Amino acid sequence: MLHLEVGLADVAKITHPILLRALRPLGPANLTANGDGVAPTYASGQDVVLDWDLTSEGRDEAEPEVDLECRADQAVLELWAGAVLKGTLYVNRAGPYTLTNAALVAALGAETDFTVRAYLALGGHRSLDYDSVTVSKT
């Protein structure tokens with residue numbers, strides 16, 4: 001049958017989240033902790049310096065040597081211990097940012113290994129993608 005009348009109550013509900021993708025900036029690139037983006041470490045009592053590169057949505061439409069301005073107005077740094085979000089920091093969009101040992105202990109509860117996820121945000125809309133790095137305590 002090509003034509004069948006069905007009651008609205010019998011139709012399966014379809015939901016679609018609205019992500020506002022056009023309003024969100026791209027995530028940052030090349031996140032590093034203490035100058036290392038592969039296997040960074042820190043020692044007991046040491047601050048952790050985080051840095052990242054800003055990105056632009058227009059990059060694929062411009063010549064490689066042209067520096068395009070990032071639309072983001074802030075960076076959002078999340079601190080994770082395992083699969084648990086321990087803290088969120090809202091900082092200037094451009095790095096570097098120094099995560100003091102006191103702030104680290106306050107967020108994590110102890111000096112331990114942790115993962116940083118870095119997002120960029122524009123007008124409160126966080127990027128859908130992020131860069132992350134796991135920092136190990138030596």
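Residues numbered from 1 in each chain as written. Predicted model: local features only at pLDDT ≥ 70, side-chain atom pairs only at ≥ 80, totals over all residues. Heavy atoms only, no water.

Enquirer: What should I look at first to understand the nonpolar core in this one?
Expert: Nonpolar side chains in soluble globular proteins generally cluster together in the buried interior. Of all hydrophobic cores here, the largest spans 21 residues; its most connected members are Val48, Leu50, Trp52, Leu77, Phe114 and Val116. Of all elements in the fold, only strand 1 (29–33), strand 3 (48–53), strand 4 (74–81), helix 1 (101–108), strand 7 (114–122) and strand 9 (131–137) reach the threshold of two or more residues within this core. Per-element tally for this core: the top contributor is strand 7, with four residues. Ignoring anything within four residues of it in the chain, the contact list for Leu50 reads Thr32, Ala33, Leu77, Pro96, Tyr97 and Val116. (Core = buried A, V, L, I, M, F, W, Y, C linked by side-chain atoms within 4.5 Å. Buried < 20%, exposed > 50% of the residue type's maximum accessible area, 1.4 Å probe, protein only. Helix = DSSP H or I, 4+ residues; strand = E, 2+ residues; numbered from the N terminus. Contact = heavy atoms within 4.5 Å.)

Enquirer: Would you mind going over the side chain of Glu78 with me for this structure?
Expert: As for its placement among the helices and strands, Glu78 is situated in strand 4. Among the polar contacts made by the side chain of Glu78, one reaches the side chain of Trp80 at a distance of 2.9 Å. Apart from residues no more than four positions distant in its own chain, Glu78 is found in contact with Leu85, Gly87, Thr88, Thr115, Val116, Arg117, Tyr119 and Arg126. (Polar contact = N/O pair within 3.5 Å; in protein donor to acceptor, adjacent residues only side chain to side chain.)

Enquirer: Explain the packing of aromatic side chains to me, please; I cannot follow it from the model alone.
Expert: Aromatic ring pairs are described here by two measures, namely the spacing of the ring centres and the angle between the planes. The tally for this structure, following the rule as stated, stands at two aromatic pairs. For the pair Tyr42 and Phe114, a centre-to-centre distance of 5.8 Å together with 65° between the ring planes defines the contact as edge-to-face. Taken together, the residues span a long stretch of sequence, with Tyr42 in strand 2 (residues 41–42) and Phe114 in strand 7 at a distance of 72 residues. Here Tyr42 and Phe114 have matching classes, each one buried. Seen from their ring centres, Tyr119 and Tyr130 are 5.2 Å apart, and the 50° between their planes marks the pair as tilted. Residue Tyr119 is found in strand 7, and its partner Tyr130 is found in the loop between strand 8 (125–126) and strand 9; the two are separated by eleven residues along the sequence. Of note, Arg126 hangs over the ring of Tyr119, and the distance from its end group to the ring centre comes to 4.7 Å. (Phe/Tyr/Trp six-rings, centres within 6.5 Å; stacked < 30°, edge-to-face > 60°. Lys NZ or Arg CZ within 6 Å of the ring centre and 35° of its normal.)

Enquirer: Sorry, what's going on with the pattern of salt bridges here?
Expert: Between side chains of opposite charge, pairing is possible as soon as their charged atoms come close. Counted according to the given criterion, the structure contains two salt bridges. Where Glu69 meets Arg93, a salt bridge forms, and the shortest distance between an N and an O atom there is 2.3 Å. Placement of the pair is Glu69 in the loop between strand 3 and strand 4 and Arg93 in the loop between strand 5 (84–91) and strand 6 (97–99), with a sequence separation of 24 residues. Notably, a salt bridge pairs Glu78 with Arg126, separated by 2.5 Å at the nearest N-O pair. Here Glu78, found in strand 4, pairs with Arg126, found in strand 8; they are 48 residues apart in sequence, far enough to count as distant. (Salt bridge = Lys/Arg side-chain N within 4 Å of Asp/Glu carboxyl O.)

Enquirer: What am I meant to see in a nonpolar patch on the surface here?
Expert: Taken together, the side chains of Leu4, Val6, Leu8 and Val11 make up a nonpolar region of the molecular surface, amounting to roughly 440 Å² of accessible area. Relative to the helices and strands, Leu8 is located in the segment before strand 1. By relative accessible area, which is 77% here, Leu8 ends up exposed. (Patch = residues over 30% accessible without salt bridge, like charges linked within 9 Å, V, L, I, M, F, W, Y side chains within 5 Å. Areas by Shrake-Rupley, 256 points an atom, 1.4 Å probe, with all protein chains shown as cover.)

Enquirer: Explain the environment of Gly58 to me, please; I cannot follow it from the model alone.
Expert: Turning to its location among the elements, Gly58 is positioned in the loop between strand 3 and strand 4. For Gly58, a relative accessible area of 23% puts it in the partly exposed group. For the pair Gly58 and Glu69, spaced eleven residues apart in sequence, the C-alpha separation works out to 8.8 Å.

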